[in-house]
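# Breakdown of the fold
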Amino acid sequence: MKTQELASQLPEAARVVVGALEDAGFEAWVVGGWVRDALRGLPGHDVDVTTSAPWQETERVLAAAGLAVHETGTAHGTVTAVWHGVPVETTTYRVEGAYSDLRHPDEVRFVTDVREDLARRDFTINAMAFHPERGLLDPFGGEKDLAAGVIRCVGEPARRFGEDALRVLRAVRFAVRMGFSIEPATQAALLAAAPELDHIAQERIGQELDGILASGRVAWALRNEFAVMAAAVPELAPMAGFDQRSTYHAFDVLEHTARVCAAVEEFAGGECPRTLRWAALLHDVAKPATFSLDVAGCGHFFGHPEAGARVARQVMGRMAIPQEVVEGAVALVRLHDWPVDKTTHSVRRMLVELERNAPGQGRALAFQLLDLKRADAMGKARKCWYYATELDGVTRELRRELARGSVLTVRDLAVDGRDIVRACGIAPGPGIGMVQRQLLAAVVAGELENDREALLAWMAVGE
Ligand code: ATP
Ligand code: MG
């Protein structure tokens, strides 16, 4: 029954790949994420196939069956077969040898038994195979753990995290994504192995962290797996237990950050942009480093947004997060404490400043900045919460301003460089930029309409 139900959800491409390999005398199974997600009723996952065929045979058989085959990872026995635009990664049964550098298996050894291949996989829920006729192959109890909502290592946890420390972060990513708990022996081993994350390539850490943020539940990871988060991003470590010594704050920097991360998800209504998620995580990262006490014994954090922006750029940059996401998140961190109010002038300044910090993203970031500020207020002491509602007036003005066709950069001005040369009688060159910036400032300040005649007249007077 269950076999039929799962089989009916299997993409045609996977059925064709498995069928062709088995018709040629090999064995093949669907594995990994597709099986896990299909058992949870989420059959959208891309399909991976594992097979007894050596990759050269896989390539020959699938090409003969009419599929396009690409050699995407033959060192690990992987080729990608494409059937009507749907890719199926197909990998020879394999195990990995010793991991002396905790990163790359020293060798990949091909094997003949699918169970050996399943045994090398990280967690029980990821170590199941499915075949449209033979059904589910689940030697480690993945289905039971899936039903119970548990992340559990395949085999002995300490050894598994010792082989590849990235699994520490993967465990947390799967736990937050699926709302699962981590089985106690797995959790104990994971904590012990967390420091080994500093041997892992930054890009791999970045991918997992991005996945944790994408779950919308990074707050859970900050509260329950902070040792792992701080091992992945050492810059986060000083936030834990950092007393802000301020009547505006009811929590330490870490709990405040967790609250802000949770609140941006709420304010963004389930569609929280990646830039806003990164910014929420890192917005106060420089607070401990910029802390000072005044004579009255109150804590201050002068310059923490600017310092935080530098840290954010460093962290995201070394993790090879896409440049556009870095620019957007850095701009939000830098401006998260910037005063805004519901006047047109203030909203225009916010737009111009965001656009200047992250070209091309000003409009989108303006809404995100207001959500970040709302979330920031809600993560403080009760007396600050009113500010979150006050920002609704700013959002309304922002919508009106954008509907009017807001001017974000000098390129949006109703005159171009040639007009300026003509109107001011100056030679083409840096002078043009100066005039453009003056015009922009005057338009943003509301002293001037962004209207061609008005701008030309203004320049004529200035002459
Ligand atoms: P996602 O939906 O996040 O892509 P996935 O299960 O497909 O989930 P991948 O990282 O794409 O995860 O890896 C595919 C499969 O390979 C996993 O299900 C797991 O069986 C195995 N795997 C991946 N990375 C590791 C690892 N570091 N250690 C052990 N097994 C791994
Ligand atoms: Mg995958």
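Further up the page is the structure itself.
Anyway, here's the lowdown on the structure attached to this text. (Residues numbered from 1 in each chain as written. Chains lettered and ligands numbered in written order. Predicted model: local features only at pLDDT ≥ 70, side-chain atom pairs only at ≥ 80, totals over all residues. Heavy atoms only, no water.)

### Some words on the nonpolar core
As a reminder of what qualifies: Among the buried residues, those of types Ala, Val, Leu, Ile, Met, Phe, Trp, Tyr and Cys that are joined through side-chain atoms within 4.5 Å form a nonpolar core. Exposure is judged per residue with a 1.4 Å probe applied to protein chains only, and the accessible area is read against the type maximum: over 50% gives exposed, under 20% gives buried, and values in between give partly exposed. Put simply, DSSP marks the helices as runs of H or I at least four residues long and the strands as runs of E at least two long, and each gets a number from the N terminus on. In this document the domain limits rely on a domain assignment from an automatic tool or a database. Whether two residues are in contact is decided by their heavy atoms: any pair within 4.5 Å suffices.
Membership of the largest hydrophobic core comes to 118 residues, with the highest contact counts inside it found for Val30, Ile151, Ile212, Leu222, Met229, Leu236 and Trp278. Among the elements that line this core, the one with the most residues is helix α8 (residues 166-178), at nine residues. Looking at this core, you find at least three residues from each of domain 1 (3-148) and domain 2 (233-404). What leucine 222 contacts, discounting residues up to four positions off in sequence, is Met229, Leu254, Thr257, Ala258, Cys261 and Leu281. Formed by 17 residues, the second largest nonpolar core is a distinct cluster that contains Ile420, Val443, Val444 and Leu448.

### Regarding the site of ligand 1
What counts here: Consider each residue's heavy atoms; a residue with any of them within 4 Å of a molecule or strand counts as near. Two N or O atoms form a polar contact when they lie within 3.5 Å of each other; inside protein one atom must be a possible hydrogen donor and the other a possible acceptor, and for residues adjacent in sequence the pair counts only when both atoms belong to side chains. The protein chains shown are the only cover counted for residues, whose accessible areas, like all others here, come from Shrake-Rupley with a 1.4 Å probe. The residue classification treats Ala, Val, Leu, Ile, Met, Phe, Trp, Tyr, Cys and Pro as nonpolar and Asp, Glu, Lys and Arg as charged. All others, Gly included, are polar.
Around ligand 1 there are 14 residues in total, and Arg36, His45, Arg167, Arg173 and Arg177 lie nearest to it. Arginine 36 is positioned such that a nitrogen or oxygen atom in its side chain is 2.8 Å from an oxygen atom of ligand 1. Between ligand 1 and the protein, one listed contact pairs an oxygen atom with a side-chain N or O atom of arginine 170 at 2.9 Å. Out of a free accessible area of 580 Å², ligand 1 has 76% covered by protein chains. When residues of the shell around ligand 1 are traced back to their parent elements, those giving at least two are α3 (33-39) and α8. In the shell around ligand 1, the residues fall into one nonpolar, four polar and nine charged.

### Describing unusual backbone geometry
In this structure, histidine 84 is a non-glycine residue whose phi angle is positive, near 45°. Note that histidine 84 resides in the loop between β4 (78-83) and β5 (86-92). We classify histidine 84 as exposed; its relative accessible area is 72%. Positive phi, normally seen in glycine, also occurs at arginine 245, with a value near 50°. As for its placement among the helices and strands, arginine 245 is situated in the loop between α12 (226-232) and α13 (253-267). Classification of arginine 245 as partly exposed rests on a relative accessible area of 42%.

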